[in-house]
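# Report on the structure
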Amino acid sequence: AGYLTGIVAFRATGTVSVESGTNITVTGKGYRGGQNFGVGVDYGYSAYGEAITGRAAARVTSTAANGSGGGSGQGADGSGAGGGYANSGGVGQKILASSNGGAVGGTSGNPELTTLLFGGGGGSSGVHSTGVRYAATGGISGGIIFITANTITNAGTISANGNQGQNNDFNSTAGQQGGGGGGGSGGSVYIRGNTLTLGTNLVTTAGGTGGTGYLNNSAGKPGGDGSSGRVRVEYTGTLSGTTSPSA
């Protein structure tokens, strides 16, 4: 059921072992990135990233963020912003004076993970009907992992990373351009037990990078990166290993 909901949560009385080459992952299983509503109008917007407040049901009318969801870009090369969670996401960038990047997705939750949350989705880039400049969609955020057991040994990966924002590669003719989608934020990982052996940075909640923009057949300005998510580790006996970001 976890992969349908973006949540993997379980308790074990004995030992949980994640072997080398295997994984427990909800990467890209959280809140959705801003979508593409078509070309629309000149100097137009698309959609902010999804957050706990919901998802855009239609084209938005500003670059504003949606809580932790990154804001939409505006215009021919306005890139979407990154989703936020532990930190704010990265701002969407642009080159043209007639374009604007999306506003950053804000922080949410707390380091103690008293409430387990998805990260914020990345915002999509802007649109411009002249030249048919399409939006690049935002990256999906990371989901939620909760594991409690007497002993947890990890030699594989445990991840709730955000996905990269979509690249905008509609650049076959000079003059055509588009911004990149914002990256999705990382999600939540909560691990609790007596004896924990986690490996070196094998538990991750990294944010997705912003997608690449293009302007006049050259690299333009990218979407904003998604924030890192949150990791909490509790143990009553011994702990070895590190997480990224630090618990």
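Preceding block: the structure.
So, here's what we can say about the structure. (Residues numbered from 1 in each chain as written. Predicted model: local features only at pLDDT ≥ 70, side-chain atom pairs only at ≥ 80, totals over all residues. Heavy atoms only, no water.)

## Concerning the overall build of the chain
Each helix and strand in the chain was counted, giving one helix and 10 strands. Traced from its N-terminal end to its C-terminal end, the chain shows the element sequence α-β-β-β-β-β-β-β-β-β-β. Each of the three principal axes of the chain carries a C-alpha extent, and together these read 60 × 30 × 25 Å. Relative to its full complement of 247 residues, the chain shows a buried share of 52%. Intrachain contacts of the chain at a sequence separation of at least 6 include 70% that bridge at least 24 residues. By element, 50% of the accessible surface of the chain is carried by carbon and sulfur atoms, the whole surface being about 9700 Å². If the 11 positive side-chain charges of the chain are averaged to one point and the 8 negative ones to another, these points end up 4 Å apart. (Helix = DSSP H or I, 4+ residues; strand = E, 2+ residues; numbered from the N terminus. Buried < 20%, exposed > 50% of the residue type's maximum accessible area, 1.4 Å probe, protein only. Contact = heavy atoms within 4.5 Å. Areas by Shrake-Rupley, 256 points an atom, 1.4 Å probe, with all protein chains shown as cover. Lys, Arg positive; Asp, Glu negative; His and termini not counted. Charge placed at Lys NZ, Arg CZ, Asp CG, Glu CD.)

## Considering the packing of aromatic side chains
With the rule as written, the count across this model stands at two aromatic pairs. Ring centres of Y31 and F118 lie 5.0 Å apart, and the angle between their planes is 80°; this geometry places the pair in the edge-to-face category. Here the residue Y31 occupies a position in the loop between β3 (23-25) and β4 (144-154), and F118 occupies one in the loop between β3 and β4, the gap between them amounting to 87 residues. You can call F118 buried: its relative accessible area is 15%. (Phe/Tyr/Trp six-rings, centres within 6.5 Å; stacked < 30°, edge-to-face > 60°.)

## Considerations on the sheet that holds strand β6 (residues 177-178)
Read from one edge to the other, the open sheet built from three strands follows the order β6-β8-β9, with strand pairing classed as antiparallel. Strand pairing shows two members of the sheet lacking a second neighbour, β6 and β9 (218-219), which therefore form its edges. (Pairing = 2+ DSSP bridges.)

## A word on the pattern of salt bridges
Between side chains of opposite charge, a pair can form as their charged atoms come close. For the coordinates displayed, the defined rule picks out two salt bridges. The salt bridge partner of E50 is R32, with a shortest N-O separation of 3.0 Å. Remark: R32 occurs in the loop between β3 and β4 and E50 occurs in the loop between β3 and β4; sequence separation between them is 18 residues. Residue E50 is classed as buried on the basis of its relative accessible area, which comes to 12%. A relative accessible area of 39% places R32 in the partly exposed class. Of the charged contacts, one joins R232 and E234 as a salt bridge, the two residues approaching to 2.9 Å between their closest N and O atoms. Residue classification places R232 among the partly exposed positions, given a relative accessible area of 25%. Classification of E234 as partly exposed rests on a relative accessible area of 23%. (Salt bridge = Lys/Arg side-chain N within 4 Å of Asp/Glu carboxyl O.)

## Quick word on the environment of A160
Within the secondary structure, A160 sits in the loop between β5 (157-159) and β6. When its relative accessible area of 0% is taken as the criterion, A160 is described as buried. Put simply, A160 and L96 are 64 residues apart on the chain and 35 Å apart in space, counted from C-alpha to C-alpha.

## Things to note about the side chain of T243
Here T243 shows up in strand β10 (residues 230-244). When its relative accessible area of 8% is taken as the criterion, T243 is described as buried. Here P245 takes part through its backbone oxygen, which lies 2.7 Å from a polar atom of the side chain of T243. At 3.0 Å, the side chain of T243 forms a polar contact with the backbone nitrogen of A247. (Polar contact = N/O pair within 3.5 Å; in protein donor to acceptor, adjacent residues only side chain to side chain.)

## Points about the environment of G70
Turning to its location among the elements, G70 is positioned in the loop between β3 and β4. Sequence separation between G70 and G224 is 154 residues, and the spatial gap between their C-alpha atoms is 8.4 Å.

## Comments concerning the side chain of S68
By the secondary structure assignment, S68 is in the loop between β3 and β4. By relative accessible area, S68 is classed as buried at 9%. Contact partners of S68, with chain neighbours within four places excluded, come to A51, G83, G84, G105, G106, S108, G120 and G121.

## Quick look at the nonpolar core
Within soluble globular proteins, side chains that are nonpolar generally end up buried alongside one another. I145, I152, I158, V189, I191 and V203 are the most contacted members of the largest nonpolar core, which has 18 residues in total. Elements represented by at least two residues in this core include exactly β2 (15-18), β4, β7 (188-204) and β10. Here this core takes five residues from β7, the largest share from any one element. Not counting chain neighbours up to four residues away, the residues in contact with I145 comprise V8, I24, T25, V26, I158, S159, S188, V189 and Y190. (Core = buried A, V, L, I, M, F, W, Y, C linked by side-chain atoms within 4.5 Å.)

Shape is all these values report; function is a separate question.
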